[in-house]
Every structure is written in C-alpha cells, then in structure tokens.
Amino acid sequence: MDIDTRLLRYFSAVAAEGHLTRAAERLYVSQPALTKQIKQLETLLGVRLFVRSRAGMTLTEAGETLAEAAPGLLTGWDLALQRTRHTAAMAARVLRVGFLASAANEATPRIIAEFSRRQPGWRVEMRQSSWGDPSGGLDDGEVDIALLRLPFPGQDALRVRELFSEPRWVALSSSHPLADRETIAFSELLDESFVAAPGETGEWRDYWLGVDERDGRVPRIGAVTDQPDEWLSAIANGYGVALAPESSARFYARPGITYRPLTGVAPSAVGVAWTPAAETNPVIADFVRCCLDVGGDDDAESLPVPDLA
C-alpha cells in the first residue's frame with residue numbers, strides 16, 4: 001500500500017497538537033481540509049486513528065502505533081529527498097543559495113562574482129525564502145548554503161560563520177507620531193503593536209520583537225506576515241511597527257513607511273550557513289571563503305573554515 005507523505009505529515013501534526021484547529025493553523029490549511037485528509041488516511045489504512053470529542057483528538061491504540069513510526073519515516077524520506085536534490089544540483093554545476101530579504105546586502109553580487117571567478121562553469125541560483133523559514137531552505141534541503149540573519153532556530157545544528165553586523169532600526173508608518181523623530185528609544189515602543197513573523201519561527205520571531213530588551217513585557221502583535229511585501233503593507237497601513245536591519249531603509253524604501261535609528265537594542269548579524277553533510281564539498285567551501293573574503297568584517301579571514309579541498 002502506498003501512502004502520500006503529506007497525509008503522514010498531517011496525521012503527525014494532529015497527533016502532536018491533539019486538536020484539529022491548532023494543527024490546521026500549524027500546517028496553514030483549513031480545518032475542513034485537514035479533517036478530510038485525516039479521514040482519507042483512516043480509509044486507506046482501514047483503521048480508526050483518533051477518537052474525536054469536544055476536548056480534541058485522542059489517539060487510538062492504532063493511532064499511537066502510527067504516531068511512533070511516522071516521524072522516523074518522514075525523517076528518512078526528507079533526508080533522501082535532500083540528498084537527491086543536492087546531488088542533482090552538484091551534477092548540473094548549480095549552487096543553490098538560500099536567502100531572506102536582502103541577504104548579505106550590497107556584498108551579495110560581489111560574493112557571487114568572486115565565486116564565479118574561483119569556480120568557472122558553476123552557476124549560483126539564489127532562492128528567496130519566506131520569514132516562515134529562517135533557515136533559508138536549509139532545513140528541508142531546498143538549498144545547499146544560505147545567507148541568513150542570526151540567530152535563527154536550529155542554528156546550533158548547522159555550520160555558521162558570521163560575516164558582519166548592522167544596527168537594528170524601526171520601521172513605522174509615516175503618519176506615526178514618532179516618525180518625525182531622528183532617533184527613537186526602544187523603550188518608547190514597548191506599548192506599540194508590532195508586525196511579527198509567524199509563531200513557529202520561535203527565537204527568530206522573538207529576536208525581531210526585541211523580547212530580550214523588554215524586561216519581561218509581552219509584545220503586542222498587530223499583524224503576522226512572512227513575506228516582505230505583506231510586512232511593508234502592514235506597517236504602512238498602521239497595523240504595527242517593526243524592527244528591521246538598517247539596510248532595510250535602502251532595500252525596502254517605499255511611500256508611507258519611515259525608518260528610524262533605534263537605541264536600546266543589539267545589532268543584527270548576517271551569516272553564511274551550511275549543513276554538516278556539506279563539510280566534504282569543496283564547492284561549498286569555496287563559497288564560504290568568498291563570503292568571508294568579500295562580505296566579512298575586517299577580521300573575517302581569521303575565522304576558521306574547514307579545509308575541504
């Protein structure tokens with residue numbers, strides 16, 4: 001019997017959440033669609049997986065058995081898929097580079113140019129990820145290496161080198177009472193609504209809400225977005241303010257939005273990240289060296305890079 005891995009992922013989400021509504025929110029699908037998928041899986045297997053009640057979804061004994069096996073099955077498939085895509089990209093001499101927003105800012109074209117000089121015949125394919133995936137596609141194997149904002153969830157499981165840092169500013173509607181100020185203190189924003197990344201991004205979302213600088217005060221969320229255009233629209237329409245890298249004032253300037261320097265928050269770092277499995281890949285090693293040589297701080301060349309030649 002063949003089972004669509006999507007059905008297993010949906011089942012695993014419901015099993016973990018114990019509630020259809022929460023699982024649907026986590027999966028970004030409607031509750032009726034999720035219910036239909038669970039029923040389809042039960043029909044295919046010929047067993048009942050959940051006992052449904054007003055309190056939520058409780059696993060049956062058969063459901064518990066599948067819940068124990070499903071994560072391993074999905075992890076194995078994901079790993080096989082990642083390796084397959086990576087092998088195909090390497091064979092085609094294409095380096096897939098993930099990034100969020102403006103990546104390494106103005107350094108990105110120079111990094112790619114230097115890589116092309118070092119690796120003639122290779123092509124860099126830039127792939128932008130939504131803010132819902134702060135790993136830039138590394139987590140699901142969509143890319144081979146990524147230019148990212150630090151810190152991000154799962155960073156400790158990857159190889160990461162910091163390239164440079166820049167101040168965090170605040171983006172706010174041009175009609176906001178603080179928009180005419182030359183500099184704004186973060187303490188003045190504690191009661192403001194913020195435009196936030198999706199909740200599942202965890203510490204990455206918290207970092208861009210300034211949680212560490214709030215002295216325990218819970219952020220107010222005015223809107224949740226995972227794409228730059230949606231983020232800009234939410235700010236311009238007054239649904240909230242947002243912390244942003246200083247470079248956003250250059251890369252995401254638009255009518256109705258004002259960027260201002262901010263005091264009281266730590267700067268934002270940009271880094272290059274790759275998986276431990278890439279440690280033996282000389283092409284990825286060369287891209288890392290290009291990032292450090294072109295986009296790094298003055299002491300970037302002293303950072304250790306594995307000798308993958």
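Thresholds applied
- Residues numbered from 1 in each chain as written.
- Predicted model: local features only at pLDDT ≥ 70, side-chain atom pairs only at ≥ 80, totals over all residues.
- Heavy atoms only, no water.
- Pairing = 2+ DSSP bridges.
- Helix = DSSP H or I, 4+ residues; strand = E, 2+ residues; numbered from the N terminus.
- Axes fitted to C-alpha atoms, helices over the stretch in contact; angles between N-to-C directions.
- Core = buried A, V, L, I, M, F, W, Y, C linked by side-chain atoms within 4.5 Å.
- Buried < 20%, exposed > 50% of the residue type's maximum accessible area, 1.4 Å probe, protein only.
- Contact = heavy atoms within 4.5 Å.
- Arc of directions from axis to C-beta.
- Phe/Tyr/Trp six-rings, centres within 6.5 Å; stacked < 30°, edge-to-face > 60°.
- Lys NZ or Arg CZ within 6 Å of the ring centre and 35° of its normal.
- Patch = residues over 30% accessible without salt bridge, like charges linked within 9 Å, V, L, I, M, F, W, Y side chains within 5 Å.
- Areas by Shrake-Rupley, 256 points an atom, 1.4 Å probe, with all protein chains shown as cover.
- Salt bridge = Lys/Arg side-chain N within 4 Å of Asp/Glu carboxyl O.
- Lys, Arg positive; Asp, Glu negative; His and termini not counted.
- Charge placed at Lys NZ, Arg CZ, Asp CG, Glu CD.

## Notes on the sheet that holds strand 5 (residues 145-150)
- Overall, mixed pairing links the five strands, which are arranged 4-3-5-13-6 in an open sheet. Sheet topology places strand 4 (123-128) and strand 6 (159-166) at the edges, where each strand pairs with a single neighbour. Ignoring strand direction, the axes of neighbouring strands in this sheet form an average angle of 25°.
- Of the pairings in the sheet, the one linking strand 5 to strand 13 (residues 268-274) comprises five bridges and is antiparallel in character.

## Focus: the nonpolar core
- Phe152, Phe186, Leu189, Trp231, Tyr259 and Leu262 are the most contacted members of the largest nonpolar core, which totals 46 residues.
- At the level of elements, strand 5, strand 7 (168-173), strand 9 (193-196), helix 6 (203-208), helix 7 (228-236), strand 11 (242-245), strand 12 (257-263) and strand 13 are the ones that each hand at least two residues to this core.
- No other element matches the five residues that helix 7 contributes to this core.
- Not counting chain neighbours up to four residues away, the residues in contact with phenylalanine 152 comprise Pro134, Ser135, Leu158, Val160, Glu203, Trp204 and Ala273.
- Formed by 26 residues, the second largest nonpolar core is a distinct cluster that contains Phe99, Ala107, Leu147 and Val283.

## Describing the environment of alanine 62
- Note that alanine 62 resides in helix 4 (residues 61-91).
- Residue classification places alanine 62 among the partly exposed positions, given a relative accessible area of 33%.
- Residues alanine 62 and phenylalanine 50 lie twelve residues apart in sequence; the distance between their C-alpha atoms is 8.7 Å.
- Beyond its immediate chain neighbours, meaning those up to four positions away, alanine 62 contacts Val47, Arg48 and Leu49.

## Overview of helix 2 (residues 20-27)
- Among all positions in helix 2, only Leu20, Ala23 and Ala24 are buried. The arc that holds the buried residues of helix 2, viewed along the axis, is 100°, so those residues lie on one side.
- Buried-residue contacts for helix 2 involve helix 1 (5-17), helix 3 (31-45) and strand 2 (56-59).

## Structural notes on the packing of aromatic side chains
- Applying the stated criterion across every chain, the model contains six aromatic pairs.
- Ring geometry for phenylalanine 115 and phenylalanine 287: centres 5.6 Å apart, planes at 70°, overall edge-to-face. Of this pair, phenylalanine 115 sits in helix 5 (residues 107-118) while phenylalanine 287 sits in helix 9 (residues 282-295), and the two are 172 residues apart along the sequence.
- Here the aromatic rings of tryptophan 131 and tryptophan 231 are separated by 5.6 Å at their centres, their planes lie at 85°, and the arrangement is edge-to-face. Of this pair, tryptophan 131 sits in the loop between strand 4 and strand 5 while tryptophan 231 sits in helix 7, and the two are 100 residues apart along the sequence. One exposure class covers both tryptophan 131 and tryptophan 231, and it is buried.
- Aromatic ring contacts, followed pair by pair, group Trp204, Tyr207 and Trp208 into a single cluster.
- Above the plane of the ring of tyrosine 207 lies arginine 168, whose end atom (NZ or CZ) is 3.9 Å from the centre.
- Above the face of the tryptophan 208 ring, arginine 168 is positioned so that its terminal group lies 5.9 Å from the ring centre.

## Digging into the pairing of strand 7
- Among the six residues that make up strand 7, six are buried, leaving the element largely enclosed by the rest of the structure.
- Examined bridge by bridge, strand 7 and strand 11 share four bridges and lie antiparallel to one another. Across the sheet, alanine 171 pairs through a bridge with alanine 242, a residue of strand 11.
- The sheet contact formed by strand 7 and strand 12 spans five bridges and is antiparallel. Bridge pairing links alanine 171 to tyrosine 259 in strand 12.

## Section: a negative patch on the surface
- On the surface, Asp156, Glu203, Asp206 and Asp212 cluster together into a patch of negative charge.
- Note that aspartate 156 resides in the loop between strand 5 and strand 6.
- Assessed through its relative accessible area of 80%, aspartate 156 is described here as exposed.

These values are about where atoms sit, not about what they do.
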